[in-house]
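What follows is the residue order along each chain.
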Amino acid sequence: MQLTRSLFDDVMVPNYAPSPIIPVKGLGSRLWDQQGKEYIDFAGGIAVNCLGHCHPVLVNALTEQANKLWHLSNTMTNEPALALAKRLVDHTFAEKVYFANSGAEANEAALKLVRRVALNKFGAEKSQIIAFKMGFHGRTLFTVTVGGQPAYSDGFGPKPADIDHAEYNNLDSLKALMSDKTCAVVLEPLQGEGGIISPTVEFIKGVRELCDQHNALLVFDEVQSGVGRTGELYAYMGLGVTPDVLTTAKALGGGFPIGAMLTTTEIAKHLVVGTHGSTYGGNPLACAVALAAFDTVNTAEVLEGVKAREALFKEALVKINAKYDVFSEIRGKGLLVGAALNAKWAGKSRDFMLAAAAEGLLVLMAGYNVIRFAPSLVIPEQDIAEGMVRFEAAIAKLVEQQA
Ligand SMILES: *Cc1c(COP(=O)(O)O)cnc(C)c1O
(Lines give C-alpha, C1' and ligand atoms only; values in the text may rest on other atoms or scores of the structure.)
Protein backbone atom coordinates (compact mmCIF):
# COMPACT_ATOMS: atom_id res chain seq x y z
CA MET A 1 0.00 0.00 0.00
CA GLN A 2 1.24 3.46 -0.94
CA LEU A 3 1.10 5.86 2.00
CA THR A 4 0.81 9.10 0.10
CA ARG A 5 -0.63 12.52 0.75
CA SER A 6 -3.56 11.72 -1.54
CA LEU A 7 -4.53 8.85 0.78
CA PHE A 8 -5.20 11.51 3.41
CA ASP A 9 -8.04 12.89 1.31
CA ASP A 10 -9.41 9.38 0.80
CA VAL A 11 -9.48 8.23 4.42
CA MET A 12 -9.19 11.21 6.76
CA VAL A 13 -11.81 13.68 7.94
CA PRO A 14 -11.11 16.88 5.99
CA ASN A 15 -10.61 19.17 9.00
CA TYR A 16 -6.90 19.63 8.22
CA ALA A 17 -5.13 20.62 5.02
CA PRO A 18 -1.71 19.03 5.58
CA SER A 19 1.34 19.87 3.51
CA PRO A 20 2.34 17.46 0.73
CA ILE A 21 5.48 16.69 2.78
CA ILE A 22 5.35 13.45 4.80
CA PRO A 23 8.30 13.34 7.20
CA VAL A 24 9.40 9.85 8.19
CA LYS A 25 12.42 10.51 10.42
CA GLY A 26 13.56 13.26 12.72
CA LEU A 27 16.72 13.92 14.66
CA GLY A 28 17.38 17.09 16.64
CA SER A 29 16.12 19.99 14.53
CA ARG A 30 16.26 18.13 11.23
CA LEU A 31 13.56 16.09 9.49
CA TRP A 32 13.59 13.88 6.42
CA ASP A 33 10.60 13.14 4.21
CA GLN A 34 9.62 10.03 2.22
CA GLN A 35 11.84 11.12 -0.66
CA GLY A 36 14.80 11.69 1.66
CA LYS A 37 14.63 15.48 1.36
CA GLU A 38 15.96 17.19 4.48
CA TYR A 39 14.22 19.99 6.37
CA ILE A 40 15.37 22.24 9.17
CA ASP A 41 12.60 22.45 11.74
CA PHE A 42 11.74 25.94 12.99
CA ALA A 43 8.17 24.76 13.76
CA GLY A 44 8.85 22.24 16.53
CA GLY A 45 5.49 20.54 16.06
CA ILE A 46 3.88 23.86 17.11
CA ALA A 47 5.94 24.51 20.23
CA VAL A 48 5.78 20.86 21.30
CA ASN A 49 9.16 19.32 20.42
CA CYS A 50 11.05 21.39 22.99
CA LEU A 51 14.09 19.13 22.73
CA GLY A 52 13.86 18.47 19.01
CA HIS A 53 13.17 15.06 17.52
CA CYS A 54 14.19 11.79 19.14
CA HIS A 55 16.24 13.42 21.92
CA PRO A 56 18.19 10.54 23.53
CA VAL A 57 17.05 11.47 27.07
CA LEU A 58 13.39 11.26 26.01
CA VAL A 59 13.88 8.11 23.94
CA ASN A 60 15.49 6.53 26.99
CA ALA A 61 12.74 7.61 29.36
CA LEU A 62 10.08 6.29 26.99
CA THR A 63 11.71 2.93 26.28
CA GLU A 64 12.63 2.36 29.91
CA GLN A 65 9.07 3.02 31.04
CA ALA A 66 7.69 1.02 28.10
CA ASN A 67 9.44 -2.04 29.48
CA LYS A 68 8.03 -1.48 32.97
CA LEU A 69 4.42 -0.32 32.97
CA TRP A 70 2.18 1.44 30.45
CA HIS A 71 -1.15 2.08 32.03
CA LEU A 72 -3.15 1.53 35.19
CA SER A 73 -6.18 3.88 35.31
CA ASN A 74 -6.81 6.37 38.09
CA THR A 75 -8.05 3.73 40.49
CA MET A 76 -4.34 3.57 41.31
CA THR A 77 -1.59 6.15 41.24
CA ASN A 78 1.83 5.46 39.72
CA GLU A 79 5.45 6.46 40.27
CA PRO A 80 6.05 8.61 37.16
CA ALA A 81 2.89 10.65 37.84
CA LEU A 82 3.89 11.20 41.46
CA ALA A 83 7.42 12.20 40.49
CA LEU A 84 6.24 14.63 37.81
CA ALA A 85 3.62 16.21 40.06
CA LYS A 86 6.23 16.69 42.79
CA ARG A 87 8.58 18.30 40.28
CA LEU A 88 5.90 20.71 39.03
CA VAL A 89 4.97 21.64 42.60
CA ASP A 90 8.61 22.14 43.60
CA HIS A 91 9.36 24.48 40.70
CA THR A 92 6.19 26.59 40.36
CA PHE A 93 3.69 28.48 42.53
CA ALA A 94 1.48 25.40 42.49
CA GLU A 95 0.73 23.04 45.33
CA LYS A 96 -1.54 20.64 43.47
CA VAL A 97 -1.52 19.09 40.01
CA TYR A 98 -4.19 17.47 37.81
CA PHE A 99 -3.02 15.51 34.76
CA ALA A 100 -4.76 15.48 31.39
CA ASN A 101 -3.69 14.50 27.86
CA SER A 102 -3.75 17.77 25.95
CA GLY A 103 -3.92 21.52 26.29
CA ALA A 104 -7.65 21.65 25.69
CA GLU A 105 -8.25 19.06 28.41
CA ALA A 106 -6.03 20.89 30.89
CA ASN A 107 -8.05 24.04 30.15
CA GLU A 108 -11.34 22.17 30.37
CA ALA A 109 -10.32 21.09 33.87
CA ALA A 110 -9.31 24.66 34.77
CA LEU A 111 -12.63 26.05 33.54
CA LYS A 112 -14.68 23.47 35.40
CA LEU A 113 -12.58 24.09 38.52
CA VAL A 114 -13.07 27.88 38.55
CA ARG A 115 -16.79 27.48 38.01
CA ARG A 116 -16.99 24.98 40.87
CA VAL A 117 -14.94 27.17 43.23
CA ALA A 118 -17.19 30.16 42.53
CA LEU A 119 -20.33 28.08 43.00
CA ASN A 120 -19.16 26.66 46.31
CA LYS A 121 -17.86 29.93 47.74
CA PHE A 122 -20.21 32.56 46.31
CA GLY A 123 -23.20 30.83 44.68
CA ALA A 124 -24.53 30.14 41.19
CA GLU A 125 -24.66 33.82 40.22
CA LYS A 126 -20.89 34.04 40.02
CA SER A 127 -20.33 32.17 36.76
CA GLN A 128 -18.99 34.72 34.28
CA ILE A 129 -15.74 33.77 32.58
CA ILE A 130 -13.84 36.54 30.83
CA ALA A 131 -11.25 35.72 28.19
CA PHE A 132 -9.68 37.76 25.39
CA LYS A 133 -10.21 38.33 21.72
CA MET A 134 -7.82 36.33 19.54
CA GLY A 135 -7.01 34.10 22.52
CA PHE A 136 -6.78 30.36 21.91
CA HIS A 137 -7.52 27.69 24.49
CA GLY A 138 -8.27 24.49 22.56
CA ARG A 139 -11.05 22.91 20.54
CA THR A 140 -13.49 21.29 22.96
CA LEU A 141 -16.77 23.20 22.90
CA PHE A 142 -16.09 24.86 26.27
CA THR A 143 -12.47 25.82 25.55
CA VAL A 144 -13.15 26.95 21.99
CA THR A 145 -15.99 29.14 23.26
CA VAL A 146 -13.62 30.69 25.79
CA GLY A 147 -11.21 31.22 22.89
CA GLY A 148 -11.49 34.61 21.23
CA GLN A 149 -12.30 33.65 17.65
CA PRO A 150 -16.06 33.06 17.26
CA ALA A 151 -15.45 31.55 13.81
CA TYR A 152 -13.98 28.52 15.61
CA SER A 153 -16.90 28.04 18.01
CA ASP A 154 -19.85 28.94 15.76
CA GLY A 155 -21.91 26.22 14.13
CA PHE A 156 -21.86 23.57 16.83
CA GLY A 157 -25.14 24.30 18.53
CA PRO A 158 -25.67 26.03 21.86
CA LYS A 159 -22.43 27.20 23.45
CA PRO A 160 -21.51 27.10 27.12
CA ALA A 161 -22.99 30.29 28.53
CA ASP A 162 -21.71 33.32 30.43
CA ILE A 163 -18.43 33.75 28.59
CA ASP A 164 -17.30 37.24 27.54
CA HIS A 165 -14.30 38.58 25.66
CA ALA A 166 -12.26 41.68 26.39
CA GLU A 167 -9.46 43.17 24.31
CA TYR A 168 -5.97 41.94 25.07
CA ASN A 169 -3.68 44.64 26.46
CA ASN A 170 -6.69 46.87 27.11
CA LEU A 171 -7.51 47.07 30.81
CA ASP A 172 -10.50 49.38 30.29
CA SER A 173 -12.20 46.80 28.09
CA LEU A 174 -11.74 44.23 30.86
CA LYS A 175 -12.91 46.65 33.55
CA ALA A 176 -16.08 47.32 31.56
CA LEU A 177 -17.00 43.62 31.63
CA MET A 178 -15.91 42.77 35.13
CA SER A 179 -18.06 42.62 38.25
CA ASP A 180 -18.55 40.50 41.35
CA LYS A 181 -20.28 38.00 39.05
CA THR A 182 -16.96 37.33 37.34
CA CYS A 183 -15.70 33.93 38.40
CA ALA A 184 -12.44 33.92 36.45
CA VAL A 185 -10.30 35.70 33.89
CA VAL A 186 -8.47 33.43 31.46
CA LEU A 187 -5.54 34.52 29.31
CA GLU A 188 -2.36 33.46 27.57
CA PRO A 189 0.58 35.36 29.07
CA LEU A 190 1.85 35.52 25.48
CA GLN A 191 -0.82 35.04 22.83
CA GLY A 192 0.37 32.35 20.42
CA GLU A 193 -2.24 31.39 17.81
CA GLY A 194 -3.58 34.95 17.89
CA GLY A 195 -0.39 36.38 16.37
CA ILE A 196 2.44 36.28 18.98
CA ILE A 197 1.25 39.16 21.15
CA SER A 198 3.10 39.91 24.39
CA PRO A 199 1.17 41.41 27.30
CA THR A 200 2.36 44.71 28.70
CA VAL A 201 3.45 44.55 32.34
CA GLU A 202 0.87 47.22 33.16
CA PHE A 203 -1.89 45.11 31.61
CA ILE A 204 -0.96 41.86 33.29
CA LYS A 205 -0.57 43.52 36.71
CA GLY A 206 -3.89 45.31 36.20
CA VAL A 207 -5.64 42.04 35.38
CA ARG A 208 -4.32 40.51 38.60
CA GLU A 209 -5.57 43.52 40.61
CA LEU A 210 -9.02 43.43 39.03
CA CYS A 211 -9.29 39.71 39.78
CA ASP A 212 -8.39 40.33 43.41
CA GLN A 213 -10.90 43.19 43.68
CA HIS A 214 -13.74 41.01 42.39
CA ASN A 215 -12.78 37.67 43.99
CA ALA A 216 -12.21 36.24 40.54
CA LEU A 217 -9.57 33.61 39.85
CA LEU A 218 -6.80 34.31 37.35
CA VAL A 219 -6.07 31.46 34.94
CA PHE A 220 -2.94 31.52 32.81
CA ASP A 221 -3.05 29.28 29.78
CA GLU A 222 0.63 28.43 29.40
CA VAL A 223 0.00 25.55 27.03
CA GLN A 224 2.17 27.25 24.40
CA SER A 225 4.25 29.65 26.52
CA GLY A 226 5.27 27.15 29.21
CA VAL A 227 8.18 24.79 29.80
CA GLY A 228 11.04 27.08 28.85
CA ARG A 229 9.51 28.54 25.70
CA THR A 230 10.00 32.17 26.75
CA GLY A 231 13.37 31.60 28.42
CA GLU A 232 11.66 31.28 31.81
CA LEU A 233 10.36 27.94 33.03
CA TYR A 234 6.87 29.49 32.78
CA ALA A 235 6.09 32.86 31.25
CA TYR A 236 4.44 34.13 34.45
CA MET A 237 7.84 34.02 36.13
CA GLY A 238 9.10 36.69 33.77
CA LEU A 239 6.05 38.90 34.29
CA GLY A 240 6.03 39.22 38.07
CA VAL A 241 2.40 38.12 38.24
CA THR A 242 1.31 34.77 39.66
CA PRO A 243 -1.93 33.16 38.51
CA ASP A 244 -4.28 31.07 40.64
CA VAL A 245 -4.52 28.33 38.05
CA LEU A 246 -2.04 27.50 35.29
CA THR A 247 -2.38 25.06 32.43
CA THR A 248 0.56 23.46 30.66
CA ALA A 249 0.79 20.96 27.80
CA LYS A 250 2.54 21.07 24.39
CA ALA A 251 6.26 21.17 25.37
CA LEU A 252 5.53 19.44 28.68
CA GLY A 253 5.72 16.04 26.99
CA GLY A 254 8.36 16.98 24.44
CA GLY A 255 6.18 15.28 21.80
CA PHE A 256 4.35 12.75 23.97
CA PRO A 257 0.74 13.79 24.67
CA ILE A 258 0.24 15.17 28.16
CA GLY A 259 -1.35 18.20 29.79
CA ALA A 260 -1.58 19.42 33.35
CA MET A 261 -3.49 21.91 35.44
CA LEU A 262 -1.62 23.49 38.33
CA THR A 263 -3.17 25.32 41.26
CA THR A 264 -3.09 25.91 45.00
CA THR A 265 -4.36 23.58 47.72
CA GLU A 266 -7.06 26.08 48.68
CA ILE A 267 -8.50 26.11 45.15
CA ALA A 268 -7.86 22.46 44.34
CA LYS A 269 -9.86 21.25 47.34
CA HIS A 270 -13.09 22.01 45.45
CA LEU A 271 -12.46 19.23 42.92
CA VAL A 272 -13.50 16.52 45.35
CA VAL A 273 -13.64 12.83 44.48
CA GLY A 274 -15.89 12.24 41.50
CA THR A 275 -16.04 15.82 40.21
CA HIS A 276 -13.66 15.38 37.29
CA GLY A 277 -11.39 12.78 35.72
CA SER A 278 -9.69 11.23 32.72
CA THR A 279 -8.85 7.64 31.79
CA TYR A 280 -5.37 8.43 30.49
CA GLY A 281 -4.58 11.46 32.66
CA GLY A 282 -1.37 10.73 34.57
CA ASN A 283 -0.50 7.82 32.30
CA PRO A 284 2.91 6.37 33.32
CA LEU A 285 4.42 6.56 29.81
CA ALA A 286 3.41 10.20 29.36
CA CYS A 287 4.58 11.18 32.83
CA ALA A 288 7.92 9.40 32.51
CA VAL A 289 8.69 11.23 29.25
CA ALA A 290 7.42 14.54 30.63
CA LEU A 291 9.58 14.20 33.75
CA ALA A 292 12.65 13.69 31.56
CA ALA A 293 11.70 16.63 29.32
CA PHE A 294 10.98 18.89 32.29
CA ASP A 295 14.28 18.11 34.02
CA THR A 296 16.23 18.61 30.81
CA VAL A 297 14.62 21.97 30.06
CA ASN A 298 14.61 23.25 33.64
CA THR A 299 18.34 24.03 33.82
CA ALA A 300 20.07 27.40 33.71
CA GLU A 301 21.96 26.22 30.63
CA VAL A 302 18.86 25.48 28.55
CA LEU A 303 16.86 28.49 29.75
CA GLU A 304 19.77 30.89 29.15
CA GLY A 305 20.28 29.16 25.81
CA VAL A 306 16.71 30.04 24.83
CA LYS A 307 17.47 33.73 25.38
CA ALA A 308 20.67 33.49 23.32
CA ARG A 309 18.79 31.74 20.51
CA GLU A 310 16.01 34.34 20.65
CA ALA A 311 18.63 36.98 19.88
CA LEU A 312 19.96 34.90 16.97
CA PHE A 313 16.46 34.49 15.52
CA LYS A 314 15.56 38.15 15.88
CA GLU A 315 18.88 39.43 14.52
CA ALA A 316 18.64 37.16 11.48
CA LEU A 317 15.05 38.24 10.79
CA VAL A 318 15.92 41.93 11.13
CA LYS A 319 18.77 41.41 8.70
CA ILE A 320 16.55 39.62 6.17
CA ASN A 321 13.98 42.40 6.51
CA ALA A 322 16.57 45.12 5.90
CA LYS A 323 17.17 43.48 2.54
CA TYR A 324 13.65 42.54 1.44
CA ASP A 325 11.26 44.76 3.47
CA VAL A 326 8.55 42.19 4.11
CA PHE A 327 7.96 42.50 7.88
CA SER A 328 6.38 45.29 9.89
CA GLU A 329 7.53 43.87 13.23
CA ILE A 330 9.62 41.08 14.72
CA ARG A 331 8.13 40.16 18.09
CA GLY A 332 7.59 37.54 20.77
CA LYS A 333 9.70 36.22 23.58
CA GLY A 334 12.23 33.45 23.86
CA LEU A 335 11.73 30.91 21.10
CA LEU A 336 8.17 31.92 20.35
CA VAL A 337 8.96 34.49 17.71
CA GLY A 338 6.59 36.18 15.26
CA ALA A 339 7.42 38.04 12.07
CA ALA A 340 4.41 40.18 11.19
CA LEU A 341 4.05 40.82 7.47
CA ASN A 342 3.87 44.43 6.32
CA ALA A 343 0.92 45.88 4.41
CA LYS A 344 2.37 44.85 1.06
CA TRP A 345 2.36 41.19 2.12
CA ALA A 346 -0.78 41.25 4.26
CA GLY A 347 -2.64 37.92 4.36
CA LYS A 348 0.23 35.97 2.79
CA SER A 349 1.80 34.06 5.68
CA ARG A 350 0.80 30.78 4.06
CA ASP A 351 2.80 31.67 0.94
CA PHE A 352 5.87 32.23 3.12
CA MET A 353 5.35 28.90 4.87
CA LEU A 354 5.07 27.04 1.56
CA ALA A 355 8.04 28.88 0.01
CA ALA A 356 10.15 28.04 3.07
CA ALA A 357 9.18 24.36 2.86
CA ALA A 358 10.24 24.27 -0.78
CA GLU A 359 13.68 25.47 0.38
CA GLY A 360 13.85 22.81 3.11
CA LEU A 361 12.67 24.84 6.10
CA LEU A 362 9.59 24.33 8.25
CA VAL A 363 8.00 27.45 9.74
CA LEU A 364 4.49 28.10 11.11
CA MET A 365 1.76 30.66 10.66
CA ALA A 366 -0.01 32.51 13.46
CA GLY A 367 -2.97 33.74 11.45
CA TYR A 368 -2.60 34.99 7.89
CA ASN A 369 -0.37 37.95 8.75
CA VAL A 370 2.29 36.45 11.00
CA ILE A 371 5.01 33.87 10.41
CA ARG A 372 5.69 31.96 13.62
CA PHE A 373 8.85 30.28 14.80
CA ALA A 374 8.66 27.77 17.68
CA PRO A 375 11.76 25.60 17.28
CA SER A 376 13.44 23.21 19.67
CA LEU A 377 14.76 25.05 22.73
CA VAL A 378 18.13 23.40 22.09
CA ILE A 379 18.31 23.93 18.34
CA PRO A 380 22.01 24.10 17.37
CA GLU A 381 23.29 27.52 16.30
CA GLN A 382 24.40 25.97 13.03
CA ASP A 383 20.81 24.90 12.28
CA ILE A 384 19.53 28.41 13.03
CA ALA A 385 22.08 29.92 10.66
CA GLU A 386 21.41 27.39 7.91
CA GLY A 387 17.65 27.67 8.39
CA MET A 388 17.83 31.42 8.00
CA VAL A 389 19.80 31.03 4.76
CA ARG A 390 16.94 28.85 3.49
CA PHE A 391 14.35 31.34 4.75
CA GLU A 392 16.11 34.18 2.95
CA ALA A 393 16.21 32.12 -0.26
CA ALA A 394 12.45 31.53 0.06
CA ILE A 395 11.77 35.22 0.59
CA ALA A 396 14.04 36.20 -2.30
CA LYS A 397 11.95 33.99 -4.57
CA LEU A 398 8.65 35.43 -3.30
CA VAL A 399 9.89 38.97 -3.75
CA GLU A 400 11.19 38.17 -7.22
CA GLN A 401 7.85 36.62 -8.20
CA GLN A 402 5.98 39.71 -7.05
CA ALA A 403 8.26 42.18 -8.83
C1 LIG B 1 -2.29 24.60 21.50
C2 LIG B 1 -2.96 25.36 22.55
C3 LIG B 1 -4.06 24.83 23.24
C4 LIG B 1 -4.71 23.52 22.87
O5 LIG B 1 -3.87 22.45 23.12
P6 LIG B 1 -4.26 21.02 22.51
O7 LIG B 1 -3.19 20.11 23.04
O8 LIG B 1 -4.26 21.16 21.02
O9 LIG B 1 -5.60 20.66 23.01
C10 LIG B 1 -4.59 25.57 24.27
N11 LIG B 1 -4.08 26.77 24.61
C12 LIG B 1 -3.03 27.30 23.98
C13 LIG B 1 -2.49 28.62 24.41
C14 LIG B 1 -2.44 26.63 22.90
O15 LIG B 1 -1.42 27.19 22.25
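Residues numbered from 1 in each chain as written. Predicted model: local features only at pLDDT ≥ 70, side-chain atom pairs only at ≥ 80, totals over all residues. Heavy atoms only, no water.

Visitor: How would you sum up the sheet that holds strand β8 (residues 217–221)? Please name residues and give values.
Guide: Spatial ordering of the open sheet is given by β4-β10-β9-β8-β7-β5-β6, a layout of 7 strands whose pairing is mixed. Two strands lie at the open edges of the sheet, namely β4 (96–100) and β6 (163–166), each paired on one side alone. Each neighbouring strand pair of the sheet contributes to a mean axis angle of 20°, computed without reference to strand direction. Here strand β7 (residues 182–187) pairs with β8 via 4 bridges, running parallel. Within β8, the residue paired with A184 across the bridge is L217. (Pairing = 2+ DSSP bridges. Helix = DSSP H or I, 4+ residues; strand = E, 2+ residues; numbered from the N terminus. Axes fitted to C-alpha atoms, helices over the stretch in contact; angles between N-to-C directions.)

Visitor: Outline helix α12 (residues 300–324), listing residues and values.
Guide: Between its terminal C-alpha atoms α12 stretches 36 Å, which fits the 36 Å expected from 25 residues at 1.5 Å a residue. Those residues of α12 that sit buried are V302, L303, G305, V306, R309, E310, F313, A316, L317, I320, N321 and Y324. Structurally, α12 contributes buried residues whose contacts are with α11 (284–297), β11 (327–333), β12 (336–341), β15 (370–373) and α14 (381–402). D325 sits one or two positions beyond α12 and adopts a positive phi of about 50°. (Expected span 1.5 Å × (residues − 1). Buried < 20%, exposed > 50% of the residue type's maximum accessible area, 1.4 Å probe, protein only. Contact = heavy atoms within 4.5 Å.)

Visitor: So, the side chain of R372: which residues are in play, and what are the values?
Guide: Structurally, the position occupied by R372 is in strand β15. Separated by 2.9 Å, the side chains of R372 and E193 make a polar contact. Only 2.8 Å separates the side chain of R372 from the backbone oxygen of M365, close enough to count as a polar contact. Aside from chain neighbours lying at most four places away, what touches R372 is I46, G192, E193, I196, Q224, L336, V337, V363, L364, M365 and A366. (Polar contact = N/O pair within 3.5 Å; in protein donor to acceptor, adjacent residues only side chain to side chain.)

Visitor: Please give an account of the site of the ligand that cites residues and values.
Guide: Every residue close to the ligand is listed here: S102, G103, A104, N107, F136, H137, G138, E188, D221, V223, Q224 and K250. In the model, an oxygen atom of the ligand is placed 2.7 Å from a nitrogen or oxygen of the A104 main chain. Taken by itself the ligand offers 380 Å² of open surface, and the protein chains cover 82% of this. Among the elements that make up the shell around the ligand, the one with the highest residue count is helix α5 (residues 103–122) (3 residues). Its residues placed into classes, the shell around the ligand shows 3 nonpolar, 6 polar and 3 charged. (Near = heavy atom within 4 Å. Areas by Shrake-Rupley, 256 points an atom, 1.4 Å probe, with all protein chains shown as cover. Nonpolar A, V, L, I, M, F, W, Y, C, P; charged D, E, K, R; others polar.)

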